[in-house]
Amino acid sequence: MPPESSPLFRRAITADISAMSRIRLCVTENTLSEPARITHEIYEDFLEKAGRGWVVENDGEVLAFCYADKVNASIWALFVSPEHEGRGFGQSLLKLAVDWLFEIGHDCIHLTTGANTRAERFYSEQGWKRAPVSSTDVANSLHRSRPVG
């Protein structure tokens with residue numbers, strides 16, 4: 001049996017949208033109450049117009065994705081296919097998005113996630129600061145570290 005190839009982290013392209021949508025619809029947390037609201041056009045807009053997207057793929061299969069919103073300085077989406085969780089893909093994709101948002105001039109990045117979820121714990125572990133928004137949602141923010149001196 002051939003060895004498994006190394007995962008490839010790269011910019012998302014239009015051809016990835018169906019795989020990203022499939023991943024988004026198969027997650028067990030932060031499920032969409034109205035899946036039809038997230039259209040192909042929305043994914044397409046976040047490829048360049050409204051932001052930037054990244055995927056991790058292995059042997060041609062997209063395993064996870066992340067989108068950064070450059071207008072609102074936020075993480076619009078970060079999802080890992082359930083069968084590929086726990087391999088560090090989320091951390092690596094989040095770093096790509098955060099680095100890019102800071103690089104283009106934002107000093108603070110935001111996102112909202114469900115309260116008392118694995119996602120909330122994940123962002124906390126990455127250094128994000130939480131602020132309850134409601135009984136079901138938590139706002140998270142990450143400020144750019146400024147060099148001392």
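Residues numbered from 1 in each chain as written. Predicted model: local features only at pLDDT ≥ 70, side-chain atom pairs only at ≥ 80, totals over all residues. Heavy atoms only, no water.

Trainee: Where do I start with the packing of aromatic side chains in this structure?
Mentor: Per the counting criterion, the structure on display carries 7 aromatic pairs. Between phenylalanine 65 and phenylalanine 79 the ring centres are 5.9 Å apart and the planes differ by 40°, which places this aromatic pair in the tilted class. Taken as a pair, phenylalanine 65 in strand S3 (residues 61-69) and phenylalanine 79 in strand S4 (residues 74-80) lie far apart in primary sequence, 14 residues in all. The pair phenylalanine 65 / phenylalanine 79 is uniform in exposure class, with both members buried. Ring plane angle 70° and centroid distance 5.3 Å describe the contact between tyrosine 67 and tryptophan 76, whose orientation is recorded as edge-to-face. An aromatic cluster is defined as three or more aromatic residues linked by ring pairs; in this entry it consists of Phe65, Tyr67, Trp76 and Phe79. (Phe/Tyr/Trp six-rings, centres within 6.5 Å; stacked < 30°, edge-to-face > 60°. Helix = DSSP H or I, 4+ residues; strand = E, 2+ residues; numbered from the N terminus. Buried < 20%, exposed > 50% of the residue type's maximum accessible area, 1.4 Å probe, protein only.)

Trainee: I'm lost on the side chain of serine 141 in this one. Help?
Mentor: Turning to its location among the elements, serine 141 is positioned in strand S7 (residues 137-143). Under the relative-accessibility criterion, serine 141 is labelled buried at 16%. Other than its neighbours up to four places away in sequence, serine 141 contacts Cys108, Ile109, His110, Trp128 and Lys129. (Contact = heavy atoms within 4.5 Å.)

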